[in-house]
Amino acid sequence: MWITLKPGVAAVEVRGALQALGLWTEPLQSQLGGADGLWVQPQSRRVSPEEILAIPGVQDLSRAGAAWPRVEAQAGRAVQVGPVSVGGGAAPVLMAGPCSVESPAQILAAAEVAARAGAQILRGGVFKPRSSPYAFRGVGAEGLSWMREAADAFGLQVVTEVMREGDVARVAEFAELIQIGSRNMQNFGLLEAVGAAGRPVLLKRGMAAYVEDWLLAGEYLLAAGCPGVMYCERGVRGFDPQTRNLLDLGAVALLKEVYGQVVVVDPSHSAGRRDLIGPLSRAAVAAGADGLIVESHPDPAQARSDGPQALWPEELGALARSVGRWPREER
Ligand code: PEP
Ligand code: MN
């Protein structure tokens, strides 16, 4: 964001007042010989335009120079997934379901468990990104209708991942929310195709992506026409394999507090093991997450992918209750 100053007013005269509001600025001399200006650094606090315009000496505000103007423009707003609002001050939303859709019966059972636990969105992958080409890579497009029917049976919305541009239209037909996986966060052709599909997007953070790269990936989606992007922190690559990935709660707070974005946390891929999902989920909500996306399977021992991190049916309900109850109410 840029601030232009009234003619004859020097940057030093207003910088103090801006800093008192939590805005960190760089003074800039106009190249055109007009009024001085100030560039507001992105790590500044979010402040309403009215508060800035009330400072004597400030003439105008402009977002023209912002690196991610469309992401800035969605700050503070909810992302709408069918009838479900995520963010924008709404209570945290639970998305739950298996890592992979395996059969009509499995996804139906998973949907029932999710709905009973209070989830509003059913997760599950039909196209699975796997490190090995010989691992189970998902049931494919056939699973989309299984997922749709299971979700409809329990009044849930669907979120599922798409990996290829050629599958985008098909996925958009069956899912209210499209997932871009960690490995595709900077697959720009895919981002443009998904952005143009008219569905909101759950954009997972690349496993070694800077927050700036992540915000810019959201800008690709929005520039292509996406109606809303939510940012999903799923752990970045740390140095210790005992926790599969390193849940970056600092990034959750940053995206929320500074950038005003809708943020969802995936404690399952962060932890890699079911016994850590409760504490990580509670920490995520305490840090400001607008939602959780959690892997749960009717029988994790039989899961074809990510079984060790999938919650058992009764564990999902217990998790939801523990996240929804604040420590103050327990006393
Ligand atoms: C998933 O959600 O199933 C998944 C593969 O996640 P990620 O892209 O975060 O690894
Ligand atoms: Mn998984």
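This is a predicted model, so every value here is computed, not measured. (Residues numbered from 1 in each chain as written. Chains lettered and ligands numbered in written order. Predicted model: local features only at pLDDT ≥ 70, side-chain atom pairs only at ≥ 80, totals over all residues. Heavy atoms only, no water.)

Draft legend 1. Focus on the packing of aromatic side chains. For the structure on display, the rule yields 3 aromatic pairs. With a centroid separation of 5.9 Å and an interplanar angle of 75°, the aromatic rings of Trp 68 and Tyr 259 are classed as edge-to-face. Highlighted residues: Trp 68 in the loop between β4 (58-62) and α3 (69-73) and Tyr 259 in the loop between α9 (249-258) and β13 (262-265), separated in sequence by 191 residues. Using a relative accessible area of 8% as the deciding quantity, one classes Trp 68 as buried. For the ring pair Trp 214 and Tyr 231, a centre distance of 5.4 Å and an interplane angle of 85° mean the geometry is edge-to-face. Of this pair, Trp 214 sits in helix α8 (residues 211-223) while Tyr 231 sits in strand β12 (residues 229-233), and the two are 17 residues apart along the sequence. Across this residue pair, the class does not change: Trp 214 and Tyr 231 are buried. (Phe/Tyr/Trp six-rings, centres within 6.5 Å; stacked < 30°, edge-to-face > 60°. Helix = DSSP H or I, 4+ residues; strand = E, 2+ residues; numbered from the N terminus. Buried < 20%, exposed > 50% of the residue type's maximum accessible area, 1.4 Å probe, protein only.)

Draft legend 2. Inspection of the nonpolar core at higher detail. Grouped together as the largest cluster of nonpolar side chains are 65 residues, with contacts concentrated most on Val 194 and Leu 203. Those residues in contact with Leu 203, other than ones at most four positions away along the chain, are Ile 180, Met 185, Leu 191, Trp 214, Ala 217, Gly 218, Leu 221, Val 229, Met 230, Tyr 231 and Cys 232. (Core = buried A, V, L, I, M, F, W, Y, C linked by side-chain atoms within 4.5 Å. Contact = heavy atoms within 4.5 Å.)

Draft legend 3. Main features of the side chain of Gln 261. Checked against the element boundaries, Gln 261 lands in the loop between α9 and β13. The class for Gln 261 is buried, based on a relative accessible area of 1%. A polar side-chain atom of Gln 261 sits 3.0 Å from the main-chain carbonyl oxygen of Val 71. What Gln 261 contacts, discounting residues up to four positions off in sequence, is Val 71, Gln 74, Ala 75, Leu 215, Tyr 231, Leu 255, Lys 256 and Asp 290. (Polar contact = N/O pair within 3.5 Å; in protein donor to acceptor, adjacent residues only side chain to side chain.)

Draft legend 4. Fine view of the sheet that holds β12. Read around the barrel, 8 strands follow the order β7-β8-β9-β10-β11-β12-β13-β14 and close on themselves; strand pairing throughout is parallel. When the angles between neighbouring strand axes are averaged without regard to direction, this sheet yields 25°. Of the pairings in the sheet, the one linking strand β9 (residues 157-161) to strand β10 (residues 177-180) comprises 3 bridges and is parallel in character. Pairing of Val 159 across the sheet is with Leu 177, part of β10. Contacts from helix α4 (residues 104-117) reach β7 (93-97) and β8 (121-123) within the one sheet, and its direction differs from that of β8 by about 140°. Packing of α8 onto the sheet brings it into contact with β11 (201-204) and β12, and relative to β12 it is tilted by some 150°. (Pairing = 2+ DSSP bridges. Axes fitted to C-alpha atoms, helices over the stretch in contact; angles between N-to-C directions.)

Draft legend 5. Region of interest: the pairing of β12. Buried residues dominate β12, accounting for 5 of its 5 residues. Alternating positions in β12 separate into two faces, Val 229, Tyr 231 and Glu 233 on one and Met 230 and Cys 232 on the other, with burial throughout. Sheet topology note: the β11/β12 ladder contains 4 bridges and is parallel. For Val 201, the partnering residue across the bridge sits in β12 and is Val 229. Tracing the backbone out of β11, into α8 and back to the parallel element β12 gives a crossover that is right-handed. As defined by bridge partners, β12 adjoins β13 across 4 bridges and the pair is classed as parallel. Bridging from a neighbouring strand, Glu 233 pairs with Val 265 of β13. (Right-handed = clockwise from strand over helix to strand, strands pointing away.)

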